[in-house]
Amino acid sequence: MSVDVEVKTFPLFINGKWESSSSRETFDVINPATGELVAKVAKGTKEDVDKAVQAASAAFENTAWREMKPKDRAKVLYAISHQIITHAEELVYLEVISSGGTLRRISSNDILQMADLFQTLAKFTLEYPFSENLPSPPFPGPAHNFIWREPIGVCAAITPWNMPMLIATWKIAPALAMGNTIVIKPASFTPLTTLKLAEIISEVVPPGVINVVTGSGTEVGEPLATHPKVEKIAFTGSTEIGRKIMTLAAGTVKNTTLELGGKSPNILLEDADLSIALPGSLFGVFLHSGQLCESGTRLFVPDKLHDQVVEGLVKLTSTLKLGNPLLEGTDIGPVISKQQRDTVLSYIEAGIEEGATVVCGGKEVAVPGCEGGYFIEPTIFINVKNDMKIAQEEIFGPVLTVIRYSEIEEVIEMANDTIYGLAAGVWTKDVNKAYDVARKLRAGVVWINDWHMLRNDAPFGGYKQSGIGREMGKHSLDAYTQLKHVHTSMVPELHKRNWYQLLFSETE
Ligand code: NAP
């Protein structure tokens, strides 16, 4: 697949138009499958962030946008969905060549999920309780009370490189659905599709409603997280930077949602159907070279099944084809960068040093036709203890750790023994047993006999240090609104007002 598009230089996108950065500098975007330059992108600055926030702030002052009726807003969301489908081919191509995700996944999953998210939130917007009446209780006196849900204002989004355009829509869709405006800083490895999304969305929303400032975390992300006119920040990325965002946002007390890292436990019970559980567990960890926050990186296997399971996993892993993600036959693409490849390889070294055993993979690999790319063999470790570095730290690469257990109580304890709590899974033929395990797992999502099943109508987010708040689903709309309580007294006489005697002792 190739698309005839100009991908060489991308400016910033501010107030409905392309803008040069005040630095006049650019940075390179590299195809991780080949190491080749695919685009140059404007290096934004603090000044550019301010310009984008001022544009978003002016757009928020436009009451035609902020107070748009739900049925009209739903039409806008449907129009955005249509724009995504219309521009799907270009979006998919740009995403593949910059993120290294496979064409197969991005064209048959991500792009459809994105379009569907705007449609799903359009339906929720029509049902959303923007105004809610409260009953009139006898105390503190007859009154009419209601609650309004209003947009927050200028929202900032800072996004990662693993699924850049999908994750950008998790923030853009609820922000716009509730009448906010937004400034997005995409990850520096993968800014192209966020810029393209802003361009196509701006064709159906007023100027300034969506803006993108590209550039580094320190030069663009930090000014965004501290800007006094930004009232909400939604961050997806590592737990380490998430902590920093929280600290930066505290200075102006911003409403903050964080989607952070994971080290998700995947539990095989003795009665699991291995014909599904084994490929399912590999899908759970090797999709996108393991660069997904919800990847099932710790596989807990009962002693009785251990050898059979490991043999099956190794056999299946040997069938996975590494290659150019643009080719339909490729199962696994590269990792995002040379630096990420080195990080993953150093984790593999650390695992070996701690006494774990590699039963397949473990090395970088040269892919014919992709000589400059960053590929790592899908890797499986056995003899892993849950307190090893490879079982506790997020590797964000194609590395599965297999951990044995004998008792169910023991496996639940190990599964929860991590700072993270994003996702978890259990494989069994007994649904009641599965629910019992699911209740005990401290994670934002539990998949039973499945993995990676994110839904646009269900909330996604983490327990513990995997984050704060939820994206997608109805609940994501709450995260982009604030509540206003409006009270109207229905007591005409002064002396009958409940408060009158609270302050005034002299009565007429
Ligand atoms: P990252 O290093 O934390 O970066 C995320 C974003 O933060 C990037 O846009 C980055 O900009 C920016 N950033 C870096 N330093 C910053 C600073 N000081 N101030 C403000 N912004 C800053 O994460 P990543 O490596 O891109 O992505 C991988 C991580 O994301 C993994 O930990 C993964 O688990 C997590 N993730 C979580 C979810 C979820 O939903 N829970 C989903 C996907 C990924 P630059 O690119 O310019 O450095």
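So, a few notes on the structure that sits alongside this text.

Conventions and cut-offs
Residues numbered from 1 in each chain as written. Predicted model: local features only at pLDDT ≥ 70, side-chain atom pairs only at ≥ 80, totals over all residues. Heavy atoms only, no water. Helix = DSSP H or I, 4+ residues; strand = E, 2+ residues; numbered from the N terminus. Rg over C-alpha atoms; globule rule 2.2 N^0.38 Å. Buried < 20%, exposed > 50% of the residue type's maximum accessible area, 1.4 Å probe, protein only. Pairing = 2+ DSSP bridges. Axes fitted to C-alpha atoms, helices over the stretch in contact; angles between N-to-C directions. Parallel < 35°, antiparallel > 145°, perpendicular 65-115°, else oblique. Left-handed = near helix turned anticlockwise from the far one by under 90°. Contact = heavy atoms within 4.5 Å. Arc of directions from axis to C-beta. Salt bridge = Lys/Arg side-chain N within 4 Å of Asp/Glu carboxyl O. Near = heavy atom within 4 Å. Polar contact = N/O pair within 3.5 Å; in protein donor to acceptor, adjacent residues only side chain to side chain. Areas by Shrake-Rupley, 256 points an atom, 1.4 Å probe, with all protein chains shown as cover. Nonpolar A, V, L, I, M, F, W, Y, C, P; charged D, E, K, R; others polar. Domains from an automatic or database assignment. Phe/Tyr/Trp six-rings, centres within 6.5 Å; stacked < 30°, edge-to-face > 60°. Lys NZ or Arg CZ within 6 Å of the ring centre and 35° of its normal.

It is worth spelling out the overall build of the protein at this point. Assigned secondary structure in the protein consists of 17 helices and 23 strands. In terms of overall dimensions, the protein is globule-like: its C-alpha atoms have a radius of gyration of 25 Å, near the 23 Å expected for 508 residues. Overall, the protein is about 90 × 55 × 35 Å in size when its C-alpha atoms are taken along their principal axes. Looking at the protein as a whole, 56% of its 508 residues are labelled buried.

With that settled, consider the sheet that holds strand E23 (residues 481-489). Taken in spatial order, the 3 strands make up an open sheet running E6-E7-E23, and their pairing is antiparallel. A single partner strand is all that each edge strand has here, and the edge strands are strand E6 (131-134) and E23. Here the strands of the sheet are splayed against their neighbours by 20 degrees on average, with no regard to which way each runs. Relative to E23, strand E7 (residues 143-151) is paired through 9 bridges, and the arrangement is antiparallel. Considered in E23, the bridge of Glu150 is made with Gln482.

Turning our attention to the packing of helix H3 (residues 70-86) against helix H6 (residues 164-177). Closest axis-to-axis distance for the H3/H6 pair is 10 Å, and the angle between their directions is 155 degrees. One finds that H3 runs roughly antiparallel with respect to H6. Where H3 crosses over H6, the handedness of that crossing is right-handed. Contact residues: Arg73, Leu77 and Ile80 in H3; Ala173, Leu176 and Ala177 in H6.

What sets the pattern is the α-helix's 3.6 residues per turn: residues three or four places apart point alike. Along helix H15 (residues 431-440), the residues that are buried comprise Ala434, Val437 and Ala438. The buried residues of H15 occupy an angular sector of 100 degrees when projected down its axis, which confines them to one face. Residues of H15 that are exposed and point more than 90 degrees away from the buried face comprise Asn432 and Arg439. In this structure, the buried side of H15 is in contact with strand E13 (265-268), helix H14 (408-416), strand E20 (423-427) and strand E21 (445-448).

Let's shift gears to the pattern of salt bridges. Summed over the entire model, instances satisfying the criterion amount to 26 salt bridges. Residue Asp28 pairs with Lys40 through a salt bridge whose shortest N-O separation is 2.7 Å. Taken together, the positions of Asp28 in strand E4 (residues 26-30) and Lys40 in strand E5 (residues 37-42) put the pair 12 residues apart, joining distant regions of the chain. Take Lys40: its relative accessible area is 31%, and that puts it in the partly exposed class. Residue Arg455 pairs with Asp457 through a salt bridge whose shortest N-O separation is 2.7 Å. A network of salt bridges, in which partner residues are shared, links Lys338, Arg341, Asp342 and Glu364.

Before going further, it helps to examine the sheet that holds E5. One open sheet holds the 3 strands; their spatial order is E1-E5-E4, and the pairing between them is mixed. Each end of this open sheet is capped by a strand with a single partner; those strands are strand E1 (9-10) and E4. Pairing between E4 and E5: 5 bridges, direction antiparallel. Bridge pairing in E5 places Asp28 opposite Lys40.

On to the site of the ligand. In the vicinity of the ligand, 31 residues are found, and the nearest of them are Thr159, Ser188, Ser238, Leu260 and Glu394. The separation between an oxygen atom of the ligand and a polar main-chain atom of Thr159 is 2.7 Å. Residue Ser188 places a side-chain N or O atom 2.6 Å away from an oxygen atom belonging to the ligand. In the complex, the protein chains occlude 88% of the 910 Å² of accessible area that the ligand would expose alone. For the shell around the ligand, the per-class residue count stands at 15 nonpolar, 11 polar and 5 charged. Here the shell around the ligand spans two domains, and each of domain 1 (10-260 + 462-484) and domain 2 (265-448) adds at least three residues to it.

In this section: the packing of aromatic side chains. All chains considered together, the criterion is met by 9 aromatic pairs. Residues Trp170 and Phe460 carry aromatic rings whose centres are separated by 5.7 Å and whose planes lie at 70 degrees to one another, so their mutual orientation is edge-to-face. Within this pair, whereas Trp170 is found in helix H6, its partner Phe460 is found in the loop between E21 and strand E22 (467-468), the two being separated by 290 residues in sequence. Each of the two residues, Trp170 as well as Phe460, counts as buried. Following the ring pairs from residue to residue traces out a cluster consisting of Phe10, Phe13 and Trp18. Against the face of Phe60 rests Arg66, its NZ or CZ located 5.0 Å from the ring centre.

Here E21 shows a clear split, with Val445 and Trp447 buried on one side and none of Val446 and Ile448 buried on the other. Pairing analysis gives 4 bridges linking E20 to E21, with the strands arranged parallel. Paired with Ala423 across the bridge in E21 is Val445.

Read these as spatial facts, not as claims about activity.
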